[in-house]
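One-letter residues, chain by chain:
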Amino acid sequence: MISDKAKQQIDSWIKKYPKGRQSSAVMEALKIVQNENKGSLNSELIKAVANYLDMPFIAVAEVATFYENYNHKEVGKYTIRFCHNISCMLNGADDLIEYLQDKLKIQNNQTTQDNKFHFKKVECLGACIGAPMLQINDKYYENLTKQKIDDILDKLK
Ligand code: FES
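Residues numbered from 1 in each chain as written. Predicted model: local features only at pLDDT ≥ 70, side-chain atom pairs only at ≥ 80, totals over all residues. Heavy atoms only, no water.

Asks: Please explain the overall build of the protein chain as it appears in this structure.
Replies: Regarding its fold elements, the protein chain presents 7 helices and 5 strands. Its helices and strands in sequence order give the protein chain the pattern α-α-α-α-β-α-α-β-β-β-β-α, from N to C terminus. Along the longest, intermediate and shortest principal axes, the C-alpha atoms of the protein chain span 45 × 35 × 25 Å. Relative to its 157 residues, the protein chain shows a buried fraction of 41%. For the protein chain, long-range pairs separated by at least 24 residues make up 58% of all intrachain contacts whose partners lie at least 6 apart in sequence. Of the roughly 9,200 Å² of accessible surface on the protein chain, a fraction of 48% belongs to carbon and sulfur atoms. The protein chain carries 22 positive and 20 negative side-chain charges, and their two centres are separated by 5 Å. (Helix = DSSP H or I, 4+ residues; strand = E, 2+ residues; numbered from the N terminus. Buried < 20%, exposed > 50% of the residue type's maximum accessible area, 1.4 Å probe, protein only. Contact = heavy atoms within 4.5 Å. Areas by Shrake-Rupley, 256 points an atom, 1.4 Å probe, with all protein chains shown as cover. Lys, Arg positive; Asp, Glu negative; His and termini not counted. Charge placed at Lys NZ, Arg CZ, Asp CG, Glu CD.)

Asks: How should I be thinking about unusual backbone geometry in this particular structure?
Replies: With glycine set apart, most residues show a phi of negative sign, and most peptide bonds adopt trans. A cis amide bond, omega -5 degrees, links alanine 131 with the succeeding residue proline 132. Counting through the fold element by element, proline 132 comes out in the loop between strand E3 (117-122) and strand E4 (134-136). Even without a glycine there, the phi angle at lysine 38 is positive, about 55 degrees. Tracing the chain through its elements places lysine 38 in the loop between helix H2 (26-36) and helix H3 (43-52).

Asks: Mind showing me how you'd approach the pattern of salt bridges here?
Replies: Where charged atoms from two side chains of opposite charge approach closely, those side chains can pair. Taken as a whole and judged by the stated rule, the model has 3 salt bridges. We note a salt bridge from lysine 103 to aspartate 150, for which the minimum N-O separation is 3.0 Å. Placement of the pair is lysine 103 in helix H6 (residues 93-104) and aspartate 150 in helix H7 (residues 146-155), with a sequence separation of 47 residues. With a relative accessible area of 35%, lysine 103 lands in the partly exposed category. (Salt bridge = Lys/Arg side-chain N within 4 Å of Asp/Glu carboxyl O.)

Asks: Is there a simple way to think about the pairing of E3 in this case?
Replies: For a regular strand, side-chain orientation follows a simple rule: the groups alternate between the two sheet faces. Burial analysis of E3 places 5 of its 6 residues in the buried class, the great majority of the element. Pairing analysis gives 6 bridges linking strand E1 (residues 78-83) to E3, with the strands arranged parallel. Looking at the pairing, threonine 79 lines up with histidine 118 of E3. Where strand E2 (residues 110-111) and E3 come together, 2 bridges link them in antiparallel fashion. (Pairing = 2+ DSSP bridges.)

Asks: Looking at this model, I keep getting lost on the side chain of histidine 118. Mind explaining?
Replies: Along the chain, the position of histidine 118 falls in strand E3. Ignoring any residue separated from it by four or fewer positions in sequence, one finds histidine 118 in contact with Val75, Gly76, Tyr78, Thr79, Ile80, Asn109, Gln110 and Thr111.

Asks: Would you mind going over the packing of helix H1 (residues 4-14) against H2 with me for this structure?
Replies: Each pair of packed helices gets described by two things: the angle between the helix axes and the distance between those axes. It is at 9 Å that the axes of H1 and H2 come closest, and there the two elements cross at 160 degrees. It follows that H1 is roughly antiparallel to H2 by the angle criterion. H2 is crossed by H1, and the crossing has right-handed handedness. Facing Lys5, Ala6, Gln9, Ile10 and Trp13 of H1, the residues of H2 in contact are Glu28, Ala29, Ile32, Val33 and Glu36. Split by residue class, the contact of H1 with H2 holds 6 nonpolar, 1 polar and 3 charged. (Axes fitted to C-alpha atoms, helices over the stretch in contact; angles between N-to-C directions. Parallel < 35°, antiparallel > 145°, perpendicular 65-115°, else oblique. Left-handed = near helix turned anticlockwise from the far one by under 90°. Nonpolar A, V, L, I, M, F, W, Y, C, P; charged D, E, K, R; others polar.)

In short, geometric facts, not functional conclusions.
Following this line, the structure appears as structure tokens:
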């Protein structure tokens, strides 16, 4: 269920924590497994992560369902997480979100018809100094403008 490559990646996170504290790697483990499964999780994958980290299923499921980082249905190739928290909002995030939604013809938590983009409004991503900002899969884009958004999306194949 978890590929050897994913296990190696998870192991590198486990090594960052004291022996016996492998559960501290749960968020990264879920992210790694999600990335291998077209950007979404299901109960089998959550169970596999729980087994790998020697954690109760419910503890991993709680993490997987609490945070915005995880999807529970198939999403597009690129998941766009656009911060609409205070610093980003004060720097024009609401206008840019509307611009992006109009451009992609989708609303919050929707995927484009070609399955290329999934859009989510999220809370602070910890990059307030670069507000307004968004995240596409694992990469942050900061100090956004409409032109910058156009350029970013144009470069994604
Ligand atoms: S408020 Fe947007 S990254 Fe912090």
